[in-house]
Amino acid sequence: MGDWWTPTKMPDPSLDTKELSSISGISMSPCRRNSHHSLHSTMALPKTSYSVISAFCTEENIPQCIVYINQEVCSLGLTGVSLETKAGVLSAVPVLNLLYEVLQLQKRAQRALHDLETQQLKSSSDLEHLQHSNCRLKDQLEHTRRENSGLHEGERQLQLKIKTLQNCLKSEKEEVQKLQSIISSRATQYNHDTKRKERECTKLKERLNQLLMDKRDKKLSIEISNHVGRSDGKRGLWKTVKMEARHEGEMYRALLGDYETRQRSLMMENSELKKVLQLMKKDMITILSPKKPCVKPEPADDSLEQAVSEDEEDPGDCSRESVEQSCEQARQQLTDSIRLQWRKLKSHMERLDSQASLLASQEREGDEMMSRKEHEDEMQRMRLELQQCKEFIHMQQQLLQQQLSSPCDEETAALLNDCYTLEEKERLKEEWRLFNEQKRNFERERKNFTEAAIRLGHERKTFEEDRAAWLKTQFLNMTPFVDRKRPALTEPHSALSVEPEAKLQSTPPLVTQSLFSTPKAAPVKMPSTADLYRTLHLVPDARGHGRCPSGEMLTKSRLRNCSTDCSVISLVRDENSPV
Amino acid sequence: MNFSEVFKQSNQLCKVSPDGKYLATCVQYRLVVRDFSSLQIVHLYTCLDQVMHMEWSSDSLFILCAMYKRGLVQVWSLEQPDWHCKIDEGSIGLVSSRWSPDGRHILNTTEFSLRVTVWSLCTKAVSYIKYPKACQKGVDFSADGRYMALAERRECKDYISVFVCDDWHLLRHFESETQDLSGLEWSPNGCVLAVWDSCLEYKILLYSLDGRLLSSYSAYEWSLGIKSVAWSPSSQFLAVGSYDEKVRILNHITWKKITEFEHPATIMNTKAVVFKEVEKRPVVGSEDLSIHQLTVDNSLFSTQSKYEITQLPAQVPVIKPDPERANPKIGISALAFSADNRFLATKNDNMPQSLWVWDMQRLSLLAVLEQTAPVRCFVWDPRRPRLALCTGNTKVYLWSPAGCVSVNVPVEGSFQVQSLFWHCSGSSLVLLSKEHICLCYVEAEEEK
């Protein structure tokens, strides 16, 4: 949409109507009068409209026509050209120039009209689209609302359930407490009862015993033919204090005997274990000692050397230990030395192990000891490279992510947290809010559009009128040059189609217009065209700005209904591109 | 393996003298004493009523016959057949009678556990011990016969009295830390007394001879507790069987649990051998290598049975105890160590058909004997690691580390073995049916 067609060239229809009508009123008569004259010529013309115009100018009213045309041309703002009569003869050049200018003007108007039409078409289609999307969004809204209510209902039911369950739990707990208290009370009661009964029982027993004893039960007796000797052959002894002491003594002797046997067995076990330990120690020493020469050269192992020096003392201790086996100190020494030896053995074994593994690996590699180092270096290098590559990839990924979906992040996060109903609810609310906003935006836009459409309609109407008027005047003016019209009409067409912009740029549009426009028409003319311009320009402009957030929203909701929103996005893009 | 002829018996009263020379049986009110080797009747005594209880004195010189209904105890002498002794407890009643370890005193427990009367055969003297507790095992003599531990109940508390059996001197009297004492048992070396609570509480207490509490052990709470207790002959282990179907082994130094033997329904232990008794009609054919079958095939009408080794894991038949009834049929009701301390045999009441043998050296399951009928009785050979058991049918079963044997009792008619016990030499088994006895000589078999 260039600036070139924009301003001020449009004749003010309201102003010109009077003049035009008066002129037409004047001009009408000659037309009718000469209608039959020019019938031939008009018949030859391709456009029938010219036949009417042929009546505009006759031999008699040429100067008036010229004046009129000049006037009109002036009013149209074509200042550079005017018809001149040179001794009553109309020179062709200015006429042609004028004609050309007028044609230009007309073409421009046509183009503007066309543009306007397409613009309108576009806006109407936009409108339709918006209506569609509005409809869809409404549906969606309805749907979400229903969903929301469903969720609310579910939540309510769950809450109800929870409440009933809690009540259940409470009652169960109470019952448990009750039962526990019952149990404890029963237990105490039962205990009490048993005690009471037992007491009664013992009392009864006592009583029974007493009665039976008192009765001097005749039956209670032993009949024995003759006494039997004791099984051990000894005579029975009197119960004396001495006897008691003896019993005690025997008891303690028995206990002592038991403890002694136990101690003996423990001692035996102990000595066995000690022997095993000694044996172990000796074995260890013998195992370790031949290794010393090959171990010793290692300078770092001072602990081992220390141990070795202790070792040399140990064999001497051995005999001593065996002598004073039970001695606490000796035992401690023995266990300590064993522990030490054991540790040494362990470390030695470990070293052997590692050596063996090293040896094995060496054997595996053959005599490529150097290659091992190389290999390790290579490994190190590759590891480094790998690390770098990883970092690089990571960075790329990050960048990509940043570029791709900075708004999407929220979305994915939301999706991730989807599983929590609470968050779901929150999200729904958020969506709801966004949707409302969107709706408002749409509403606003629609209003804008309707306004624009109305305005456009108005403009179109005025333009139509204008054009009609202009055409009329044109035809009024053109009639004298019916014969020349044909080449003039064809040529500018081709010239225009080839280089319309060059032409337009060559003609300084605004400055000349402001200079040559009629001072009367200019102030009134300006607002309407400016208005049109603004409305035509503003709508996409305003829309573009207004869209930005809504566009985002749309892309947001794209995940839900991709197919429908694709068109929206494309639309957004179209609208954004001119801005 | 040989079998003797069948003799009559009543009330399952049949005892071998401690020296192993005589066999005493009661038939109604008669007491028959036979020479064990020849089975010839040596003596025949006639009691005043049907004998309810019969017991040899420790020196094998006297036999005690108790007639609880009449409150009478009669003692017979082997050396002097015409010697007699009759003890009448009178109107106070009699529920149990036993010899003291010296064989010269008789301890009678009166009805309602009013008292224990101690009768001396030497001096005719009578002494009373009051407040004895009526429980699972309220009296126990130490193995050397020197001490007697007696559970008492006074003032709703449990007490233990330790008597010197020589002169019934009260050596120690102390309160036991039990809620309701259920039993006590001396360790075979006579130095430790194990005391356990009733099944309502899992608690076992170990007292020294001088009344000190050595240790107390409780495996769990709030559940039925101890059902059976057994000392190993070496006094080294104390096996405690409980209602949770486990046996816990305590050691004699720290009195802590060494291990516990579970009795699972599915045996997964690959080291254990599961012998399953399979009953079948005699079939001529080759025998499986894994089957140890020894049958005397003159019993044409009785079913034969043999043991088969079951592939592991094996399922043990389990019965569900009735939870509503008291003394539910669940848990370890019987435990017995072999004489050499190496094996422990257990029976879980809700697996009545199975007998479990545990290796005490490796502390693991060694064998499971799955019988076709519930196990009635199982006894270790007093000399060898050999276990005899019966299930109330016509067979005797023997287990040894070498394997398992099922033997049909080859007598005319059916001889359903209700219980059995070993002769002290381990050479023969005495089998008891409801009304008969039969001797089974196992030694010959072993030597063959």
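Residues numbered from 1 in each chain as written. Chains lettered and ligands numbered in written order. Predicted model: local features only at pLDDT ≥ 70, side-chain atom pairs only at ≥ 80, totals over all residues. Heavy atoms only, no water.

*Asks:* Residue-level account of the packing of helix α4 (residues 62-76) of chain A against helix α12 (residues 421-478) of chain A, with values.
*Replies:* All names here are of chain A. It is at 10 Å that the axes of α4 and α12 come closest, and there the two elements cross at 145°. At the point where α4 passes α12, the crossing takes the left-handed sense. Note on element contacts: α12 touches α4 through W470, T473, L476 and N477, opposite Y68, I69, E72 and L76. Per-class residue counts for the contact of α4 with α12 are five nonpolar, two polar and one charged. (Axes fitted to C-alpha atoms, helices over the stretch in contact; angles between N-to-C directions. Helix = DSSP H or I, 4+ residues; strand = E, 2+ residues; numbered from the N terminus. Left-handed = near helix turned anticlockwise from the far one by under 90°. Contact = heavy atoms within 4.5 Å. Nonpolar A, V, L, I, M, F, W, Y, C, P; charged D, E, K, R; others polar.)

*Asks:* So what about a positive patch on the surface? Which residues, and what values?
*Replies:* Residue and element names in this part refer to chain A. Together, K138, K439, R440, R444 and K447 line one region of the surface with positive charge. Here the positive patch gets four residues from one element, more than from any other, and that element is α12. Within the secondary structure layout, R440 lies in helix α12. (Patch = residues over 30% accessible without salt bridge, like charges linked within 9 Å, V, L, I, M, F, W, Y side chains within 5 Å. Areas by Shrake-Rupley, 256 points an atom, 1.4 Å probe, with all protein chains shown as cover. Salt bridge = Lys/Arg side-chain N within 4 Å of Asp/Glu carboxyl O. Lys, Arg positive; Asp, Glu negative; His and termini not counted. Charge placed at Lys NZ, Arg CZ, Asp CG, Glu CD.)

*Asks:* Which residues make up the interface of chain B and chain A, and what values go with them?
*Replies:* Counting from both sides, the interface comprises 48 residues of chain B and, opposite them, 38 residues of chain A. Interface of chain B and chain A: buried area, both sides summed, is about 4,100 Å²; carbon and sulfur atoms make up 55% of it. Our count for the contact surface shared by chain B and chain A stands at three salt bridges. One salt bridge connects E198 of chain A with R153 of chain B, and the closest N-O pair in it is separated by 2.4 Å. Here chain B is connected to chain A by twelve residue pairs in polar contact (both at pLDDT 80 or more). Contributions of two or more residues to the side of chain B that touches chain A are made by β9 (84-88), β12 (115-120), β13 (126-130), β15 (147-154) and β17 (169-175) of chain B. (Buried area = accessible area lost by both parts, 1.4 Å probe. Polar contact = N/O pair within 3.5 Å; in protein donor to acceptor, adjacent residues only side chain to side chain.)

*Asks:* An account of the nonpolar core is requested, with residue identities and associated values reported.
*Replies:* Residue and element names in this part refer to chain B. Ranked by internal contacts, the top residues of the largest apolar core, which has 36 residues, are I160, I204 and L238. Ranked by residues supplied to this core, first place goes to strand β19 (residues 192-197) with five residues. In contact with I160, other than residues within four places in its own chain, are L150, R172, H173, F174, S176, L181, L184, L193, V195 and Y207. In terms of nonpolar packing, the next biggest core, distinct from the first, is built from 21 residues, F237, I249, A272 and V274 among them. (Core = buried A, V, L, I, M, F, W, Y, C linked by side-chain atoms within 4.5 Å. Buried < 20%, exposed > 50% of the residue type's maximum accessible area, 1.4 Å probe, protein only.)

*Asks:* I'd like a rundown of the sheet that holds strand β23 (residues 237-242) of chain B, residues and numbers included.
*Replies:* All names here are of chain B. Read from one edge of the open sheet, four strands run β22-β23-β24-β25, paired in antiparallel fashion. Looking at the sheet topology across the chains shown, the edges are occupied by β22 (226-231) and β25 (257-262). Within the sheet, the average angular offset between the axes of one strand and its neighbour, ignoring direction, is 20°. Inspection of the sheet shows β22 paired to β23 by five bridges, in the antiparallel sense. Bridging from a neighbouring strand, V229 pairs with V240 of β23. (Pairing = 2+ DSSP bridges.)

*Asks:* So, the packing of aromatic side chains: which residues are in play, and what are the values?
*Replies:* Residue and element names in this part refer to chain B. Under the definition given, this model contains 16 aromatic pairs over all chains. Between F343 and W380, the ring centres sit 6.1 Å apart and the planes meet at 10°, which makes this aromatic pair stacked. Of the two residues, F343 is situated in strand β31 (residues 343-348) and W380 in strand β34 (residues 377-380); the sequence distance between them amounts to 37 residues. Of the two residues examined, F343 and W380, each falls in the buried class. Each ring, one from W380 and one from W399, has its centre 6.1 Å from the other, and the planes form 85°; the classification is edge-to-face. Separated by 19 residues along the polypeptide, W380 in strand β34 and W399 in strand β36 (residues 395-400) bring together distant segments of the chain. In this pair, the class of W380 matches that of W399, namely buried. Among the aromatic residues, those joined into a cluster by ring pairs are F62, W83 and W99. (Phe/Tyr/Trp six-rings, centres within 6.5 Å; stacked < 30°, edge-to-face > 60°.)

*Asks:* Would you mind going over the environment of A336 of chain B in detail, with residue names and values included?
*Replies:* Residue and element names in this part refer to chain B. Its place among the elements puts A336 in strand β30 (residues 332-337). Once the C-alpha coordinates of A336 and V379 are considered, the two residues, 43 residues apart in sequence, prove to be 7.6 Å apart. Ignoring anything within four residues of it in the chain, the contact list for A336 reads F343, L344, A345, F378 and W380.

*Asks:* Let's hear about the pairing of β23 of chain B: which residues, and what values?
*Replies:* Residue and element names in this part refer to chain B. The element β23 is largely enclosed, with a buried count of six among its six residues. Going residue by residue along β23, you find F237, A239 and G241 tucked away on one face and L238, V240 and S242 tucked away on the opposite face as well. The hairpin formed by β22 and β23 contains five residues between the paired strands, and S235 there has a positive phi angle of roughly 65°. Two elements, β23 and strand β24 (residues 246-251), share five bridges in a ladder whose sense is antiparallel. Residue G241 lies in a different strand from β24, and its bridge partner there is V247. Taking the residues between adjacent antiparallel strands as the criterion, β23 and β24 are bridged by three residues, where E245 takes a positive phi near 65°.

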